[in-house]
There are 2 protein chains.
Amino acid sequence: MNIKEASQITDVPASTIRYYEKENIIPAVDRNESGVRDFDDHAIRRISFAKKMRDAGMEISTLKQYINLFDNVEDSEDEQLALLVEQKRLMEEKRDKMQEAIDHLAHKIENFDTHMLRIEDELRSMKANKKERL
Amino acid sequence: MNIKEASQITDVPASTIRYYEKENIIPAVDRNESGVRDFDDHAIRRISFAKKMRDAGMEISTLKQYINLFDNVEDSEDEQLALLVEQKRLMEEKRDKMQEAIDHLAHKIENFDTHMLRIEDELRSMKANKKERL
DNA sequence: ATAATACTTAAAGCTAACTTTAAGGCAAGA
DNA sequence: TCTTGCCTTAAAGTTAGCTTTAAGTATTAT
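The shown structure was predicted, so the numbers you read here are calculated from the model rather than taken from an experiment. Residue positions within a chain follow its written sequence, with the count starting from 1. Numbering of ligands from 1 and lettering of chains from A proceed in the order in which they are written. Predicted model: local features are reported for residues with pLDDT of at least 70 only, side-chain atom pairs are reported and counted for 80 or more only, and whole-chain, interface and lining totals are derived from all residues. The basis for the side-chain values is all heavy atoms of the structure; hydrogens and waters are excluded.

Now for helix H3 (residues 41–55) of chain B. All names here are of chain B. Secondary structure follows DSSP: runs of H or I at least 4 residues long count as helices, runs of E at least 2 residues long count as strands, and numbering of each begins at the N terminus. A helix's residues, less one, multiplied by 1.5 Å, set its expected span. For H3, spanning 15 residues, the distance from its first C-alpha to its last is 21 Å, which sits close to the expected 21 Å at 1.5 Å a residue. Residue burial is assigned from relative accessible area. The probe radius is 1.4 Å, only protein chains are included, and a residue is buried under 20% of its type maximum, exposed over 50%, and partly exposed in between. Regarding H3, the residues found buried are Ala-43, Ile-44, Arg-46, Ile-47, Phe-49, Ala-50 and Met-53. Positive phi shows up at Gly-57, right after H3, with a value of about 95 degrees.

Turning to the packing of H3 of chain B against helix H4 (residues 60–71) of chain B, a few remarks are in order. Residue and element names in this part refer to chain B. Here an angle of 0 to 180 degrees is reported between the N-to-C directions of two axes, which are lines fitted to C-alpha atoms, with helices fitted over the stretch in contact. The interhelical angle for the contact between H3 and H4, taken along N-to-C directions, is 140 degrees, at an axis separation of 10 Å. Compared by their axis directions, H3 and H4 come out oblique. For H3 against H4, the interelement crossing comes out right-handed. Residue-level contacts link Arg-46, Phe-49, Ala-50, Met-53 and Arg-54 of H3 to Ile-60, Leu-63, Tyr-66, Ile-67 and Asp-71 of H4. When grouped by side-chain class, the residues that make up the contact of H3 with H4 number seven nonpolar, no polar and three charged. Throughout this description, any angle smaller than 35 degrees is read as roughly parallel, any larger than 145 degrees as roughly antiparallel, any in the 65 to 115 degree range as roughly perpendicular, and the remainder as oblique. Left-handed describes a crossing whose near helix is turned anticlockwise from the far helix through less than a right angle; right-handed describes the clockwise counterpart. The contact criterion used is simple: two residues touch if any of their non-hydrogen atoms lie within 4.5 Å. Residues are grouped as follows: Ala, Val, Leu, Ile, Met, Phe, Trp, Tyr, Cys and Pro are nonpolar; Asp, Glu, Lys and Arg are charged; all remaining types, including Gly, are polar.

The subject of this paragraph is the pattern of salt bridges. All names here are of chain A. Every case where a carboxyl oxygen of Asp or Glu lies within 4 Å of a side-chain nitrogen of Lys or Arg is listed as a salt bridge. Counted under the stated rule, the structure contains 22 salt bridges over all chains. Between Arg-37 and Glu-21 there is a salt bridge, with its nearest N and O atoms 2.5 Å apart. Placement of Arg-37 in the loop between helix H2 (14–22) and helix H3 (41–55) and of Glu-21 in helix H2 is noted, with a sequence separation of 16 residues between them. An identical accessibility class is assigned to Arg-37 and Glu-21; each is buried.

As a further point, take the nonpolar core. To qualify as a nonpolar core, a set must consist of buried Ala, Val, Leu, Ile, Met, Phe, Trp, Tyr and Cys residues joined through side-chain atoms within 4.5 Å. One finds Phe-39 and Met-91 of chain A together with Phe-39 and Met-91 of chain B to be the most contacted residues of the largest nonpolar core, which totals 62 residues. Every residue in contact with Phe-39 of chain A, bar those within four places of it in the chain, is listed here: Met-1, Asn-2, Ile-3, Ala-6, Ile-17, Val-29, Ile-44 and Ile-47 of chain A.

Take the protein's contact with DNA strand C next. The near set for a molecule or strand comprises every residue that places at least one heavy atom within 4 Å of it. Around DNA strand C sit 16 residues, and of these Lys-4, Arg-18 and Arg-37 of chain A together with Thr-16 and Arg-54 of chain B come closest. Put simply, 83% of the atoms of DNA strand C that lie within 4 Å of the protein are in sugar or phosphate. N or O atoms closer than or at 3.5 Å make up a polar contact, with two conditions inside protein: a donor-capable atom paired with an acceptor-capable one, and, for residues adjacent in sequence, both atoms drawn from side chains. Within the side chain of Arg-31 of chain A, an N or O atom sits 3.0 Å from a phosphate oxygen of DNA strand C. Here a phosphate oxygen of DNA strand C and a side-chain polar atom of Thr-16 of chain B are 2.7 Å apart. Listed by contribution, the elements that provide at least two residues to the surface near DNA strand C are helix H1 (3–10) of chain A together with helix H2 (14–22) of chain B. Here the surface near DNA strand C takes four residues from H2 of chain B, the largest share from any one element. Taken together, the residues that form the surface near DNA strand C break down as six nonpolar, four polar and six charged.

This is the structure in structure tokens:
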């Protein structure tokens, strides 16, 4: 499979796939005789994993760490597990912050009428003030 | 309250507060006779709101849109409500993506032993392959 | 055979969101 | 009075994460 197909399947731009390969976020992809990339299932899965983590806000540098750790299998398993656990914790923290913001917006939406009246009141009093000052 | 205190209370760097003011993400802050900013409750609330939305991944440009809409009260209420609803939807979408990634990591953590064995297997077969080729 | 479309690389360019720097002003304490 | 530690601005610098460009090669369709 060439890079265009890989891009369509994973919904990651070809330029980004090349960039990910250069940055070692995905392993070096196989090439045919003329140097053209040939993506297999494994490659596709690695791209999809990278996308999923990026979409969830994991930084490139962390993703790289994670992958290097797993590529050097000699590294301590504890360290690998710890990284997984830590990243999960960070993501949960971020998810909770998002939930807070969602709740905040939901509240504003619910009280929209009241909210609008308050703003209009403020505006009226501002205009009154302006006239007084003239 | 000066910018340092405001920064401590909101946990937003002073430089960022100045930047937010310049970009109209928060309203122009009051100044004393010598031009030094004097933050009141309202200002603090606006900074905290901006922080909350930024932490949840809302872009500066969207935040600006949102605020401009509310500052020009003449703008259609429908438009304002629509923006709120749309932003809430986007955030929920993002939150769900995060949840997926969290689940993915949770799965890896749970099956860590198995996962490690598989990796070690792969490594062994790679090494075997290498020897064959010599 | 030629045109259109793919692919390749390295390097430069871009955008968002700050952050730092430089150069100076004010106010309080030793 | 001098030093310390705030404050101010405008402008330049930084970082992440791509994206675009330029220049060339290969494959496919007509």
